[in-house]
Amino acid sequence: QKGWPRNREQVQSFLAEHDWLPDYALYRALKDSFDQRPWVEWPAALRQREAGELARARRELRKDIDFHIYTQYLFFRQWHALRACCHRLGIRLFGDMPIYVPLDSADAWANQELFHLDDSGLPLRVAGVPPDCFSCTGQLWVSPLYQYDRMAQDGFAWWRGRIRAAAGMLDALRIDHFRGFASYWSVEAGEATAEHGIWAPGAGEPLIDALREAAGQLTLVAEDLGLPAPDVDRLLAYSGFPGMRVLQFAFDDKNSPHLPRNHVGNAVCYTGTHDNDTLVGWAQSAPEKVRRRAMRQLRVTSPDELPAAMLR
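Since the structure is predicted, the reported quantities are computational estimates derived from the model, not experimental observations.

S.K.: Lay out the environment of glycine 180 in plain terms, naming residues and giving numbers.
M.R.: Considering the arrangement of structural elements, one finds glycine 180 in the loop between β4 (172-175) and β5 (183-188). According to the relative accessible area criterion, glycine 180 is buried, its value standing at 0%. Residues glycine 180 and leucine 140, spaced 40 residues apart in sequence, show a C-alpha to C-alpha distance of 14 Å. Ignoring sequence-local partners within four residues, the contact set of glycine 180 consists of Ile99, Tyr148 and Gly202.

S.K.: Now, about the environment of leucine 298: what can you tell me, with residues and values included?
M.R.: With respect to the secondary-structure elements, leucine 298 resides in helix α12 (residues 288-298). Residue leucine 298 is classed as buried on the basis of its relative accessible area of 12%. Here the alpha-carbon distance between leucine 298 and arginine 312, two residues 14 residues apart in the chain, equals 9.4 Å. The residues contacting leucine 298, other than those within four sequence positions of it, are Phe251, Leu306, Ala309, Met310 and Arg312.

S.K.: If you had to explain α12 to someone new, which residues and values would you point to?
M.R.: Every buried residue of α12 is accounted for by Val290, Arg291, Arg293, Ala294, Met295 and Leu298. The secondary structure elements touched by the buried residues of α12 are α11 (279-285) and α13 (306-311). Of the residues one or two after α12, arginine 299 is the one with positive phi, at around 60 degrees.

S.K.: Could you give me a rundown of the packing of aromatic side chains, with the residues and numbers involved?
M.R.: What the rule picks out here adds up to 25 aromatic pairs. Here tyrosine 146 and tryptophan 159 contribute two aromatic rings whose centre-to-centre distance is 5.7 Å and whose plane-to-plane angle is 70 degrees, an arrangement assigned as edge-to-face. With tyrosine 146 in the loop between β3 (139-144) and α7 (148-153) and tryptophan 159 in helix α8 (residues 157-167), this pair connects stretches of sequence that are 13 residues apart. Tryptophan 159 gets classed as buried once you look at its relative accessible area, which sits at 0%. An aromatic cluster is defined as three or more aromatic residues linked by ring pairs; in this entry it consists of Tyr100, Phe115, Trp141, Tyr146, Tyr148, Trp158, Trp159, Phe178, Phe181, Tyr184 and Phe241.

S.K.: Mind laying out the sheet that holds strand β2 (residues 125-129), listing which residues take part and the relevant values?
M.R.: Reading across the sheet, the 4 strands line up as β3-β2-β5-β6 and stay open at both edges, with antiparallel pairing between neighbours. Each edge of the open sheet carries a strand with a single partner, namely β3 and β6 (198-201). Looking at each pair of strands side by side, their axes are set apart by 45 degrees on average, direction ignored.

S.K.: Before we move on, can you summarise the nonpolar core with the specific residues and values?
M.R.: Tyr148, Trp159 and Phe181 are the most contacted members of the largest nonpolar core, which has 68 residues in total. Those residues in contact with tryptophan 159 that lie beyond four places of it in its chain are Met97, Ile99, Tyr146, Tyr148, Met151, Phe181, Leu207 and Leu211. Core analysis: the second largest hydrophobic core is formed by 16 residues, Ala250, Leu279, Trp282 and Ala309 among them.

Basis of the calculations
- Residues numbered from 1 in each chain as written.
- Predicted model: local features only at pLDDT ≥ 70, side-chain atom pairs only at ≥ 80, totals over all residues.
- Heavy atoms only, no water.
- Helix = DSSP H or I, 4+ residues; strand = E, 2+ residues; numbered from the N terminus.
- Buried < 20%, exposed > 50% of the residue type's maximum accessible area, 1.4 Å probe, protein only.
- Contact = heavy atoms within 4.5 Å.
- Phe/Tyr/Trp six-rings, centres within 6.5 Å; stacked < 30°, edge-to-face > 60°.
- Pairing = 2+ DSSP bridges.
- Axes fitted to C-alpha atoms, helices over the stretch in contact; angles between N-to-C directions.
- Core = buried A, V, L, I, M, F, W, Y, C linked by side-chain atoms within 4.5 Å.

Now the structure itself:
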């Protein structure tokens, strides 16, 4: 707060450039006033964003709101200084964006009409993925699902804003769970696992057009991992975004698309993802048949050499 009078004009300019910030700062101030309880537990007038109650909260929480605006101003100022330093050193910043947002977020509270929520703000259906090699019961993320029909009415303005915000901070961005733009797994709220969901159609090409237009110079990368799906392949081809290849998946099958010899030009190669072991851990614990295939492909004679060979 003490620093604000010295740079008030810069803060006001920053506020004008970030249209998400007023709702975010109010949300954070309200969370503080309600001991961090989720917004679905706030009084109904605030939960439902009644105009008079929001105006009253802005008056009563002015100092707290200003604090959250100012901390964001400081963070972004420092981030842009870091980014400029990286660029001078020839380093580009590569970020990661989850496809969904949490229910207890400023995004969901301020844009409830864009999500599948009931009158009290609770999700009707939630996100996840069906059973796969990582989990026999699937993954239940419990994030609220988007109402893509409603989002399309304003040309996916919320998504455009999200991508523009990333473009102001990053040079490249991986969009997690790209397949959800083609079709997504929808689970009824209250289910204990993701086993009993259904596939629902995603937003498809119109959303991809909006993402490309908003990205500007930002490179978008699609996380296209998972079981082969023709609708995902078609949408990825339409988008022109690079897909992904993961070396720890490469040696399970002699014809794996993740094998270096099967890589395509328009893709980003990772050694592993957040779902994988470290390279050293993988080299020590992978099945013997997989390690032998990896050593042959990478032309090394010991499992201890695999991490360096995969990095190379």
